[in-house]
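# Secondary and tertiary structure notes
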Amino acid sequence: MDTNELAHLAAAIPFAAALGIEVGEVTPQRVTATMDWAAERCTAGGVLHGGALMAFADTIGALCAVANLPPGAGTSTIESKTNFFRAVRGGVVTATCTPLHVGRTTIVAQTNLTDDRGKLVGQVTQTQAVLSG
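Residues numbered from 1 in each chain as written. Predicted model: local features only at pLDDT ≥ 70, side-chain atom pairs only at ≥ 80, totals over all residues. Heavy atoms only, no water.

Named according to an unreviewed UniProt entry, the protein is Aromatic compound degradation protein PaaI originating from Mycobacterium talmoniae.

Shown next, in the form of structure tokens:
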């Protein structure tokens, strides 16, 4: 699968489409994407829901894993850890994901989430299983 096909993969995932994820760059070394703040993705007080941020990061981490899979393999998240640093009350969240480890049976990806001011909103580290085809 080439990087152009990977960029369209998020649009084919119904939940990613519901989150409004827009993929920017997909390479084995880096994946970038954005997600707009939207009222329907918020908790009380207009704060973007942590679950929406986690789902955003999980989707982008999965794309990073897919970009690093051997031919015919699939992937599934088997572990995810999130740290939240600040609330998002508007604007756009940008995700930047890089692989920390690309192995035979697992891929570990780290996604940094930043707000419009470039401030770190959260960081997600996840482990993706490499599933034989």
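### A closer look at the environment of G90
Quick note on the threshold: Strands here are runs of E lasting at least two residues and helices are runs of H or I lasting at least four, both read from the DSSP assignment and numbered beginning at the N terminus.
Mapped onto the fold, G90 is located in the loop between β3 (74-84) and β4 (92-102). Between the alpha carbons of G90 and V130 there is a distance of 36 Å; along the sequence they are 40 residues apart.

### Some points on the environment of D115
Here is the rule: Whether two residues are in contact is decided by their heavy atoms, any of which lying within 4.5 Å being enough. Counting of polar contacts relies on pairs of N or O atoms within 3.5 Å, with two restrictions inside protein: one atom must be capable of donating a hydrogen and the other of accepting it, and residues adjacent in sequence are counted only when both atoms are side-chain atoms.
Note that D115 resides in the loop between β5 (106-114) and β6 (120-131). Remark: the alpha-carbon pair of D115 and L63, spanning 52 residues in sequence, is separated by 21 Å. With residues near it in sequence (within four places) discarded, D115 still touches R86, V92 and V121. Within the structure, the side chain of D115 is placed 2.9 Å from the backbone nitrogen of R117, a separation counted as a polar contact.

### Some words on the sheet that holds β6
For sheets, the rule is that strands pair by backbone hydrogen bonds, running either parallel or antiparallel. Which entries qualify depends on this criterion: Two strands are said to pair when DSSP picks up at least two bridges between them. For helices, the fitted line uses only the C-alpha atoms of the stretch in contact; every axis is such a line through C-alpha atoms, and the angle between N-to-C directions lies from 0 to 180 degrees.
Strands sit in the order β1-β2-β4-β5-β6-β3 across an open sheet of six strands; the sheet is antiparallel. A single partner strand is all that each edge strand has here, and the edge strands are β1 (22-26) and β3. Pairwise comparison of adjacent strand axes, ignoring direction, gives a mean angle of 20° for this sheet. For β4 and β5, the ladder comprises eight bridges, and the chain directions are antiparallel. When the sheet's bridge partners are listed, T96 is paired in β5 with N112.

### Some points on the side chain of T127
Take T127: it is sitting in strand β6. Residues within four places of T127 in sequence aside, it is in contact with S76, T77, I78, E79, T106, I107 and V108.

### A look at the pattern of salt bridges
Our working definition: Basic side-chain nitrogens of Lys or Arg form a salt bridge, by our definition, when they fall within 4 Å of a carboxyl oxygen of Asp or Glu. Accessibility here uses a 1.4 Å probe with only protein chains present; expressed as a share of the type maximum, an area under 20% marks a residue as buried, one over 50% as exposed, and anything in between as partly exposed.
For the structure shown, the criterion picks out two salt bridges. Notably, a salt bridge pairs E25 with R30, separated by 2.7 Å at the nearest N-O pair. Here R30 falls in the partly exposed class, since its relative accessible area comes to 37%. A salt bridge links R117 to D115, with the shortest nitrogen-to-oxygen separation between them at 3.1 Å. We classify R117 as exposed; its relative accessible area is 61%. Residue D115 is classed as buried on the basis of its relative accessible area, which comes to 10%.

### Observations regarding the side chain of N68
Topologically, N68 is positioned in the loop between α3 (50-67) and β3. Residues in contact with N68, not counting those within four places in the same chain, are P28, P99, V102 and I107.

### As for the UniProt feature "domain: Thioesterase" (unreviewed entry) in the protein
As a reminder, the rule being used: UniProt positions are given in the numbering used here, feature names are shortened, and annotations may be inferred rather than shown by experiment.
UniProt marks residues 45-120 with the feature "domain: Thioesterase" (unreviewed entry), using the numbering shown here. The distance separating the terminal C-alpha atoms of residues 45-120 is 20 Å; by composition the span is 24% helix and 42% strand.

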